[in-house]
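# Architecture and fold: a report
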Amino acid sequence: MTETARLLLTAGILSAVGLAVFAWRLSRPGRAGHEYLVDQLKLSQLAGLLLAGAGGTGIGLAVASASAPGAFVEASAGVLTLAAGVAVLRREPVEALLIAGTVFLLHAGFAWFHRPAFIAAEFVPRWFATGLTAFDVYIGALCLLARRARPR
């Protein structure tokens, strides 16, 4: 495993654990309504930042291999993901979590399609695409589950 892979694995695990903590806090019963709203806001803000980071990563991969086949598609997906991250930061928490969860799941599908038979993107390492797919599904599911939390 390369140093880059270790760094990205560590960052992915730490951000996934951090978001899981917020999602867990949302599921605890016996809290006031405003506490749920504040935690949904914090989770949606973190999700928006992660979406912007995922978009920036896609743009960076495309720029590093600008003449490779699929670079334009990768850059376009990166710009759309970045824009979705900004949109998440500008919405109410419940709506923001819906947008973030949906975009993360769409991005997971895009990352999964980085296979030789689908998107020609040789510049995206297979381990990265596989890890990104798993990460996106996990974070998307957390966002969608967290938006359902309500005071009891």
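Preceding this paragraph is the structure being described.
Below you will find a few notes about this structure. (Residues numbered from 1 in each chain as written. Predicted model: local features only at pLDDT ≥ 70, side-chain atom pairs only at ≥ 80, totals over all residues. Heavy atoms only, no water.)

The next point concerns the packing of helix H3 (residues 71-89) against helix H4 (residues 93-112). In the contact formed by H3 and H4, the axes pass within 9 Å of each other and the chain directions differ by 165 degrees. One element, H3, and the other, H4, form an angle in the roughly antiparallel class. Where H3 crosses over H4, the handedness of that crossing is left-handed. Listed contacts from H4 to Val73, Glu74, Ala77, Thr81, Ala84 and Val88 of H3 are Ala96, Ile99, Ala100, Val103, His107 and Phe110. Its residues assigned to classes, the contact of H3 with H4 comprises 9 nonpolar, 2 polar and 1 charged. (Axes fitted to C-alpha atoms, helices over the stretch in contact; angles between N-to-C directions. Helix = DSSP H or I, 4+ residues; strand = E, 2+ residues; numbered from the N terminus. Parallel < 35°, antiparallel > 145°, perpendicular 65-115°, else oblique. Left-handed = near helix turned anticlockwise from the far one by under 90°. Contact = heavy atoms within 4.5 Å. Nonpolar A, V, L, I, M, F, W, Y, C, P; charged D, E, K, R; others polar.)

Our next topic: the packing of helix H2 (residues 33-64) against H4. It is at 9 Å that the axes of H2 and H4 come closest, and there the two elements cross at 35 degrees. Of the two possible hands of crossing, H2 and H4 adopt the one that is left-handed. Here Leu37, Gln40, Leu41, Leu43, Ser44, Ala47, Leu50, Leu51 and Ala54 of H2 lie close against H4, whose contacting residues are Pro93, Val94, Ala96, Leu97, Ala100, Val103, Phe104 and His107. Partitioned by chemical class, the residues of the contact of H2 with H4 number 14 nonpolar, 3 polar and no charged.

Below, the discussion takes up the environment of valine 94. Turning to its location among the elements, valine 94 is positioned in helix H4. Since its relative accessible area comes to 25%, valine 94 is described here as partly exposed. Separated by 54 residues in the primary sequence, valine 94 and arginine 148 have C-alpha atoms spaced 8.1 Å apart. (Buried < 20%, exposed > 50% of the residue type's maximum accessible area, 1.4 Å probe, protein only.)

Looking now at the packing of aromatic side chains. Taken as a whole, this structure holds 2 aromatic pairs when the rule is applied. Centre to centre, the rings of tryptophan 112 and phenylalanine 113 are 5.3 Å apart; their planes meet at 75 degrees, and the pair counts as edge-to-face. Relative accessible area serves as the criterion here: at 39%, tryptophan 112 is assigned to the partly exposed category. Pairing tryptophan 127 with phenylalanine 128 gives two aromatic rings, centres 5.9 Å apart and planes at 85 degrees, and the pair type is edge-to-face. According to the relative accessible area criterion, tryptophan 127 is partly exposed, its value standing at 43%. (Phe/Tyr/Trp six-rings, centres within 6.5 Å; stacked < 30°, edge-to-face > 60°.)

A surface patch of nonpolar side chains, about 480 Å² in accessible area, is lined by Met1, Leu9, Ile13, Val17 and Val21. Looking at the element boundaries, valine 17 is found in helix H1 (residues 3-27). (Patch = residues over 30% accessible without salt bridge, like charges linked within 9 Å, V, L, I, M, F, W, Y side chains within 5 Å. Areas by Shrake-Rupley, 256 points an atom, 1.4 Å probe, with all protein chains shown as cover. Salt bridge = Lys/Arg side-chain N within 4 Å of Asp/Glu carboxyl O.)

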